[in-house]
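Observations on the model geometry
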Amino acid sequence: MDRAIVKKHLEQAREHVALGGLHVARQREIVAELIHRGADVTEAIRLLTNFEESQDMHVAHLERLKAELLECDEKQTGRQIRR
């Protein structure tokens, strides 16, 4: 893939990871609030699990894009860059 496109996707992935982290943190707060009130947390925990799984996928995608950008840079310079 073109280096500029990879960089654009990398920035988007960083945004997704940051936003996903906020969602996970907020949902954990909601679960804690519900537990404190003695409310049913079944759906809140299900949603938290979904957020955490999505965040794991976002992070994995970010790491793949970082590796792809590194490969683009290596091809451009003609040498391997330390990882």
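Our structure's up above, just so we're on the same page.
Presented here is an overview of the structure given in this document.

Cut-offs used in this document
- Residues numbered from 1 in each chain as written.
- Predicted model: local features only at pLDDT ≥ 70, side-chain atom pairs only at ≥ 80, totals over all residues.
- Heavy atoms only, no water.
- Helix = DSSP H or I, 4+ residues; strand = E, 2+ residues; numbered from the N terminus.
- Rg over C-alpha atoms; globule rule 2.2 N^0.38 Å.
- Buried < 20%, exposed > 50% of the residue type's maximum accessible area, 1.4 Å probe, protein only.
- Areas by Shrake-Rupley, 256 points an atom, 1.4 Å probe, with all protein chains shown as cover.
- Lys, Arg positive; Asp, Glu negative; His and termini not counted.
- Charge placed at Lys NZ, Arg CZ, Asp CG, Glu CD.
- Axes fitted to C-alpha atoms, helices over the stretch in contact; angles between N-to-C directions.
- Parallel < 35°, antiparallel > 145°, perpendicular 65-115°, else oblique.
- Left-handed = near helix turned anticlockwise from the far one by under 90°.
- Nonpolar A, V, L, I, M, F, W, Y, C, P; charged D, E, K, R; others polar.
- Expected span 1.5 Å × (residues − 1).
- Contact = heavy atoms within 4.5 Å.

**Side note on the overall build of the protein chain**
- Of the regular secondary structure elements, the protein chain holds two helices and zero strands.
- Computed over the C-alpha atoms, the radius of gyration of the protein chain is 18 Å, more than 25% above the 12 Å expected from 2.2 N^0.38 for a compact globule of 83 residues.
- Its C-alpha atoms give the protein chain principal-axis dimensions of about 60 × 20 × 15 Å.
- Within the protein chain, the proportion of its 83 residues that are buried is 24%.
- When the accessible surface of the protein chain is split by element, carbon and sulfur atoms take 55% of a total near 6,300 Å².
- Computing the positive centroid from 14 side-chain charges and the negative centroid from 15, the protein chain places the two 7 Å apart.

**A few points about the packing of helix α1 (residues 3–37) against helix α2 (residues 42–77)**
- At a minimum axis separation of 8 Å, α1 and α2 run at an interaxial angle of 160°. By the angle between their axes, α1 is roughly antiparallel relative to α2. Seen along the crossing, α1 lies across α2 with a hand that is left-handed.
- For the contact of α1 with α2, the residue count by class is 17 nonpolar, 10 polar and eight charged.

**Considering α2**
- Helix length check: α2, at 36 residues, gives a terminal C-alpha distance of 53 Å against a target of 52 Å (1.5 Å per residue), a fit within 8%.
- Among the residues of α2, those classed as buried are A44, L48, Q55, L62, L65, L69, L70, C72, D73 and E74.
- The elements touched by buried residues of α2 are α1.
- Trailing α2 by a residue or two, G78 shows a phi angle of about 80°, which is positive.

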